Amino acid sequence: MRNEDGDVAGLFPRMDLSRRGFVVTSLATGFALSVTPAKATITTDADGLTAGEVKIPVADGEIPAYRAQPAKPGPYPVVVVVEEIFGVHEHIKDLCRRLAKLGYLAVAPELYARLGDVVHMEKIDDVIATVNKLEDKQAFSDLDATIAWIGKNGGELDHLGITGFCRGGRMVWMYAAHNPKIKAGVAWYGPLAGKVTDAFPQHPIDIVETLKVPVLGLYGGLDKGITQDQIDAMKAKIAKAGIKDEFVVYPNAEHGFNADYRPSYNAEAATDGWKRMLAWFKANGVA
């Protein structure tokens, strides 16, 4: 899928190419180079928050992540934020701060840390080629490690939610089937079907019967990569399985409608989707 996602350049991260095969060892400042951003960007300050980069121990080393939480003593309900294909850049960090302002501990792990510095890749083809190498099983393992770290650092894992955007939206569906301890998930325009590869042996439409977690899907009616037919097929399988999952399709919204740093941003759909996400978390025991 070739969606025109992107951000604006920032400082280069510290790198150590020899360290256990990890390419990204520290998060970048700024946005992704692969797409020119829109002029208007929502910025959420860190007043009243503890926010910044943390290191998540994983099986073969550590990955960087962005953490935001209220500065007052916890524990806090948790939302894991799964990045787009462009890395944990300023928009993803800002989403974490928005959640922290509402009382959540929000963490966005850099799942592409082993593969390449996607934030600073200028060509979309290079970004796609890199992120397509991330195997689901590796992402699951790193998300498991992220949640374990959260549980030791102020997170209340009895109130655990997950949300993600674009490829991260796909991961919400997949990880919800992997980890039934998740209370609720919200998938923003995450692909539902696709080519089977070694990295992606299944897709969300293939794992509906194994879902035990309520997932809310937020999609754009003008999305050229995720068709209404795919959404209808997913909804039919969900209804047949009797699962408590829901879809909202915004007829005038494109793919990436919550990405306020891109021309695809749709303020009406993004605002409504954010409200629905928070209500979904509250209704299903995350808040």
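Numbering of residues starts from 1 in every chain and runs along the sequence as written. The predicted nature of this model means local features are confined to residues of pLDDT at least 70 and side-chain atom pairs, given and counted, to a pLDDT of 80 or more, with totals for whole chains, interfaces and linings taken over all residues. The side-chain figures draw on all heavy atoms in the structure; neither hydrogens nor water molecules are used.

Draft legend 1. Looking closely at the nonpolar core. Core analysis: the largest hydrophobic core is formed by 91 residues, its most contacted members being V80, V81, W173, W188 and Y219. In terms of residue count, the dominant contributor to this core is helix α3 (residues 136-151) (7 residues). Every residue in contact with V81, bar those within four places of it in the chain, is listed here: I92, C96, L99, A106, V107, A108, P109, T163 and F165. We define the nonpolar core as a collection of buried residues of types Ala, Val, Leu, Ile, Met, Phe, Trp, Tyr and Cys that are connected through side-chain atoms lying within 4.5 Å of one another. Burial status follows relative accessibility: with a 1.4 Å probe on protein chains alone, a residue under 20% of its type maximum counts as buried, one over 50% as exposed, and anything between as partly exposed. Numbering of helices and strands runs from the N terminus; a helix is a DSSP stretch of H or I covering at least four residues, while a strand is a stretch of E covering at least two. The criterion used for residue contact is that any of the two residues' heavy atoms lie within 4.5 Å.

Draft legend 2. Seen up close, α3. One less than the residue count of a helix, multiplied by 1.5 Å, gives the span that helix is expected to have. Taking 1.5 Å per residue, 16 residues should reach 22 Å; α3 reaches 22 Å between its end C-alpha atoms and fits that length. Of all the residues in α3, the buried ones are D136, A139, F140, D142, L143, A145, T146, I147, W149 and I150. Looking at the packing, one finds that the buried side of α3 touches β1 (49-58), β2 (61-70), β3 (76-82), β4 (105-109), β5 (155-165) and α4 (167-178).

Draft legend 3. Here's a closer look at the sheet that holds β5. When DSSP finds two or more bridges between two strands, those strands count as paired. If you walk across this open sheet you meet the 8 strands as β1-β2-β4-β3-β5-β6-β7-β8, and the pairing is mixed. Edge strands, defined here as strands with exactly one partner in the open sheet, are β1 and β8 (246-250). Across the sheet, the mean angle from the axis of one strand to that of its neighbour is 20 degrees, orientation sign disregarded. Bridge count between β3 and β5: 6 bridges; the pairing is parallel. Bridge assignment links V78 to a residue of β5, and that residue is L160. Orientation is described by axes fitted as lines to C-alpha atoms, over the contacting stretch for helices, and by angles from 0 to 180 degrees between their N-to-C directions.

Draft legend 4. Up close: the environment of T163. As for its position among the elements, T163 is in strand β5. On the basis of relative accessible area, T163 is assigned to the buried category, the value being 1%. On a C-alpha basis, the gap between T163 and G185 in space is 5.6 Å, while along the polypeptide they are 22 residues apart. When sequence neighbours within four positions are dropped, the list of residues in contact with T163 reads V79, V80, V81, V82, V172, V186, W188, M277 and F281. Distance and chemistry together define a polar contact, namely a pair of N or O atoms within 3.5 Å, with one atom able to donate a hydrogen and the other to accept it when in protein, and with adjacent residues in sequence counting only for side-chain atoms on both sides. A polar contact of 2.9 Å, which involves the side chain of T163, links it to the backbone oxygen of V186.

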